[in-house]
Number of protein chains: 2
Amino acid sequence: MIRISKQADYGILILGHFAKEAGETILSARELAERTRVAPPMTSKVLKNLARGGLLESVRGMRGGYRLTRHPEDITIGEIIVVMDGPIAVTECAPDEPAVSDCAQEPWCPVRGSWQRLNDAIREALNRVTLAEMTCPVADPVGSFAGHEDQADV
Amino acid sequence: MIRISKQADYGILILGHFAKEAGETILSARELAERTRVAPPMTSKVLKNLARGGLLESVRGMRGGYRLTRHPEDITIGEIIVVMDGPIAVTECAPDEPAVSDCAQEPWCPVRGSWQRLNDAIREALNRVTLAEMTCPVADPVGSFAGHEDQADV
DNA sequence: GAATATCGGACTAAAGTGGTCCTCTATCTT
DNA sequence: AAGATAGAGGACCACTTTAGTCCGATATTC
């Protein structure tokens, strides 16, 4: 199954709660754990990662917590996933990557060079959606999504 | 890291070899293992899955093997990934899915309902690229990919 | 200086994945 | 008819990744 990690999932969820607050609001790990219903240790872990990734700013000490470093409209889902899960690359076999040097396929690989465009396509899809849009249930940045079309696999 | 499984990777690679051949060519597991440099048992496993998924047709018995059921132009990468890895869903929390019923977030989740559009975006990106395009190094269905631009993460 | 938060990292357990192997069935060749 | 070849199907194991927890240290406020 192609999917993002649960940590990235939590990350988006948590940032979503920040997005709902006024700009500079500080929220603590404890408070966010309650709001999100994610276990406190896990919430802390995710917050730490988000802070390290520069998406949140931490305020230490009593009455401390975290706050957004940017406006929700300027944070993309792709960015959050990168911070939590690392670079978005659908496969290891991509040009410029070290792995390619010991790729047994190299000269015969019929799809060599095409992974890049696939990765780009996914990255673009993920970067087209902002945190602000995620928290706003009516906005529709991607395409037609009018309520109730069926979702076939694929 | 967000990525597809190695099996899906192999699947695309193997189908790529079929795509290079004339339409009805039959290739055996042994032969494909040699061409792709993927270990024979693994090659077999992938081929079986591709056949079960309807992308390949098997010919049993001596001088048997597999052949494409469709033209490479009509097979999308998204389809291959679905066959190998299951449905493309970036998160478990999506409407219409059973998991949503016991989602502790439900009423408070700030991003509820927005996952769908994200999944759709990725599915579309993956379905826009066909097997034929993957094997043809010059075609460019997605966007600018002129040889050598650097790839920043994201 | 006591209480409250984050920081950083170690650690465990569970799940998923990659990969192999074995038995059975179908088909072709001789 | 018999033997050889090739796929079907599934069990199985090892390894990696991930989820999740916990602890000691540091910073800040009251």
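Refer to the preceding data block for the structure.
Residues numbered from 1 in each chain as written. Chains lettered and ligands numbered in written order. Predicted model: local features only at pLDDT ≥ 70, side-chain atom pairs only at ≥ 80, totals over all residues. Heavy atoms only, no water.

1. What about the protein's contact with DNA strand C?
Line of reasoning, step 1. Around DNA strand C, a shell composed of 24 residues is seen, among which Ala29(A), Ser58(A), Tyr66(A), Lys6(B) and Arg60(B) lie nearest.
Line of reasoning, step 2. Put simply, 70% of the atoms of DNA strand C that lie within 4 Å of the protein are in sugar or phosphate.
Line of reasoning, step 3. With respect to DNA strand C, the side chain of Lys48(A) contributes an N or O atom lying 3.0 Å from a base nitrogen.
Line of reasoning, step 4. Lys45(B) is positioned such that a nitrogen or oxygen atom in its side chain is 2.8 Å from a base nitrogen of DNA strand C. (Near = heavy atom within 4 Å. Polar contact = N/O pair within 3.5 Å; in protein donor to acceptor, adjacent residues only side chain to side chain.)

2. Considering helix H4 (residues 77–85) of chain A
Line of reasoning, step 1. Counting buried positions along H4(A) yields 7 of 9 residues, so the element is predominantly enclosed.
Line of reasoning, step 2. Among all positions in H4(A), only Ile77(A), Gly78(A), Ile80(A), Ile81(A), Val82(A), Met84(A) and Asp85(A) are buried.
Line of reasoning, step 3. Considering only its buried residues, H4(A) is in contact with helix H1 (6–20), helix H3 (40–52), helix H5 (115–127) and helix H6 (131–135) of chain A together with helix H5 (115–127) of chain B. (Buried < 20%, exposed > 50% of the residue type's maximum accessible area, 1.4 Å probe, protein only. Helix = DSSP H or I, 4+ residues; strand = E, 2+ residues; numbered from the N terminus. Contact = heavy atoms within 4.5 Å.)

3. Considering the packing of H1(A) against helix H2 (residues 29–36) of chain A
Residues and elements named next belong to chain A.
Line of reasoning, step 1. At a minimum axis distance of 10 Å, the contact between H1 and H2 shows a crossing angle of 105°. Judged on the interaxial angle alone, H2 and H1 are roughly perpendicular. Contact with H1, carried on its side by Leu 13, Ile 14, His 17 and Phe 18, involves Leu 32, Arg 35 and Thr 36 of H2 and no other residues of that element.
Line of reasoning, step 2. Taken together, the residues of the contact of H1 with H2 sort by class into 4 nonpolar, 2 polar and 1 charged. (Axes fitted to C-alpha atoms, helices over the stretch in contact; angles between N-to-C directions. Parallel < 35°, antiparallel > 145°, perpendicular 65-115°, else oblique. Nonpolar A, V, L, I, M, F, W, Y, C, P; charged D, E, K, R; others polar.)

4. Brief notes about the protein's contact with DNA strand D
Line of reasoning, step 1. Neighbouring residues of DNA strand D: 26 residues in total, closest Lys6(A), Lys45(A), Arg60(A), Lys48(B) and Tyr66(B).
Line of reasoning, step 2. In this structure, a sugar or linking oxygen belonging to DNA strand D sits 3.2 Å away from a main-chain N or O atom of Gly61(B).
Line of reasoning, step 3. Elements with a minimum of two residues in the surface near DNA strand D: H1 and H3 of chain A together with helix H3 (40–52), strand S1 (56–59) and strand S2 (65–68) of chain B.
Line of reasoning, step 4. A per-class count over the surface near DNA strand D returns 10 nonpolar, 8 polar and 8 charged.

5. Side note on unusual backbone geometry
Residues and elements named next belong to chain A.
Line of reasoning, step 1. Although it is not a glycine, Arg 37 sits at a positive phi angle of roughly 65°.
Line of reasoning, step 2. Here Arg 37 lies in the loop between H2 and H3.
Line of reasoning, step 3. Judged by its relative accessible area of 43%, Arg 37 is partly exposed.
Line of reasoning, step 4. The backbone phi angle of Arg 63 is positive, close to 60°, even though this residue is not glycine.
Line of reasoning, step 5. Along the chain, Arg 63 falls in the loop between strand S1 (56–59) and strand S2 (65–68).
Line of reasoning, step 6. For Arg 63, a relative accessible area of 80% gives the class exposed.

6. Examining the pattern of salt bridges
Residue and element names in this part refer to chain A.
Line of reasoning, step 1. In total, this model carries 14 salt bridges over all chains according to the counting rule given.
Line of reasoning, step 2. Here Arg 35 and Glu 31 are joined by a salt bridge, their closest N and O atoms 3.3 Å apart. With Arg 35 and Glu 31 both in helix H2, this residue pair falls 4 residues apart, about one helical turn.
Line of reasoning, step 3. Of the residues examined, Glu 31 reaches a relative accessible area of 29% and is grouped as partly exposed.
Line of reasoning, step 4. Salt-bridge contacts for Glu 79 lead to Arg 70; the nearest nitrogen and oxygen are separated by 2.5 Å.
Line of reasoning, step 5. Three or more residues are tied together by salt bridges with common partners; here these are Glu 21, Glu 31 and Arg 35. (Salt bridge = Lys/Arg side-chain N within 4 Å of Asp/Glu carboxyl O.)

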